[in-house]
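# Residue-level structure breakdown
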Amino acid sequence: MNKKVTNLTIKKMKGEGTPISMITAYDYVMAQNVDEAGIDMILVGDSLGNVVMGHTSTLPVTMDDMVHHTAAVVRGTKRALVVADMPFMSYQESVCQALHNAGRLMKETGCDAVKLEGGASVCEAVKAMTTAGIPVVGHIGLTPQSVHQLGGYRVQGKNAETAKRLIQEALALEEAGAFAIVLECVPTDIAAEITKALKQAATIGIGAGNVCDGQVLVCTDLLGMSGGFRPKFVKTYANLHQTIVDAVSQYIKDVQDRSFPNEEYSFDVDPEVVKAMKE
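All figures in this text were calculated on a predicted structure; none of them were measured in a lab.

Scanning the model with the defined rule gives 2 aromatic pairs in all. With a centroid separation of 6.1 Å and 65° between ring planes, the pair formed by Tyr251 and Phe260 is classed as edge-to-face. Residue Phe260 is classed as partly exposed on the basis of its relative accessible area of 35%. Geometrically, the ring pair formed by Phe260 and Tyr265 is tilted, given 5.6 Å between the ring centres and 55° between the ring planes. What links up through ring pairs into an aromatic cluster is the set Tyr251, Phe260 and Tyr265.

This is how it looks when you write it as structure tokens:
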């Protein structure tokens, strides 16, 4: 599939039962790499607060941060559908605020859709966005922007009451116009029920089992670019952390013993030029 992926493509993939692949990216080069690999969707997540900016949560990320990084990702993408996260307090205040900031992300970055966290509380904003022509991805379950209210990074929907609420929130988001919904840290059986209940909106799981319509992972987790903590739901497909450390260590050694740059990596000049320069 080489054609540009759109929200209609994602709906079609759900209808046909074709699994949807999604990954985060935060810069031009990573966007080029994952797009060339054939990824369906790229999420410019507010997780950049953790993995790019070094914060302990996503809360400090601003609209300016999201605009900056999303625009870079869009420039590096040809095929994938690019989704920009709406950061904390960019949509919670009012529908007007939400619509303004979603519009800003679309206009200033060229992204294809926006994502926001929450269920029933954001449905009015989702409806306003989709009515205005802005494709929307929802996000329920573990919502990192609400981590303090949730009491930490915990699996959601582990009892009947909270599981029913998740299904209701998903249905409400679909009715409001969301074309996809991220399910984060939700038990597999509950994610399966949500996926079956939705007729058009695709479910994108992260820590929600293999029953969702698609999956998303953070690129730096998938590529093993950090030697730190890694969530249970993350599968690493490379160990770039060690590859990078080894490569830079070798570079340092080559610089110190003057084996780099050698003649292969240097430029020559006619000896007469050097002689004339000294005269």
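From this point on, the discussion continues.
What follows is about the UniProt feature "active site" (unreviewed entry) in the protein. UniProt records the feature "active site" (unreviewed entry) at Glu184, using the numbering of this structure. By relative accessible area, Glu184 is classed as buried at 11%. The contacts of Glu184, once residues within four sequence positions are left out, are His139, Ile140, Gly141, Leu142, Pro144 and Ile206. Among the polar contacts made by the side chain of Glu184, one reaches the side chain of His139 at a distance of 3.0 Å.

Closest axis-to-axis distance for the helix 6 (residues 123–131)/helix 8 (residues 160–176) pair is 8 Å, and the angle between their directions is 25°. When the axis of helix 6 is compared with that of helix 8, the two are roughly parallel. The way helix 6 lies across helix 8 gives a crossing that is right-handed. On helix 8, the residues touching Cys123, Val126, Lys127 and Thr130 of helix 6 are Ala172, Leu173 and Ala176.

Overall, the coordinates contain 0 disulfides when judged by the stated rule. Not engaged in a disulfide, the cysteine Cys111 finds its nearest cysteine sulfur in Cys219; these two sulfurs lie 17 Å apart. Accessibility expressed as a relative area gives 5% for Cys111, which makes it buried. On the basis of relative accessible area, Cys219 is assigned to the buried category, the value being 2%.

What counts as what
Residues numbered from 1 in each chain as written. Predicted model: local features only at pLDDT ≥ 70, side-chain atom pairs only at ≥ 80, totals over all residues. Heavy atoms only, no water. Phe/Tyr/Trp six-rings, centres within 6.5 Å; stacked < 30°, edge-to-face > 60°. Buried < 20%, exposed > 50% of the residue type's maximum accessible area, 1.4 Å probe, protein only. UniProt positions renumbered as here; feature names shortened; annotations may be inferred. Contact = heavy atoms within 4.5 Å. Polar contact = N/O pair within 3.5 Å; in protein donor to acceptor, adjacent residues only side chain to side chain. Axes fitted to C-alpha atoms, helices over the stretch in contact; angles between N-to-C directions. Helix = DSSP H or I, 4+ residues; strand = E, 2+ residues; numbered from the N terminus. Parallel < 35°, antiparallel > 145°, perpendicular 65-115°, else oblique. Left-handed = near helix turned anticlockwise from the far one by under 90°. Disulfide = S-S within 2.5 Å.

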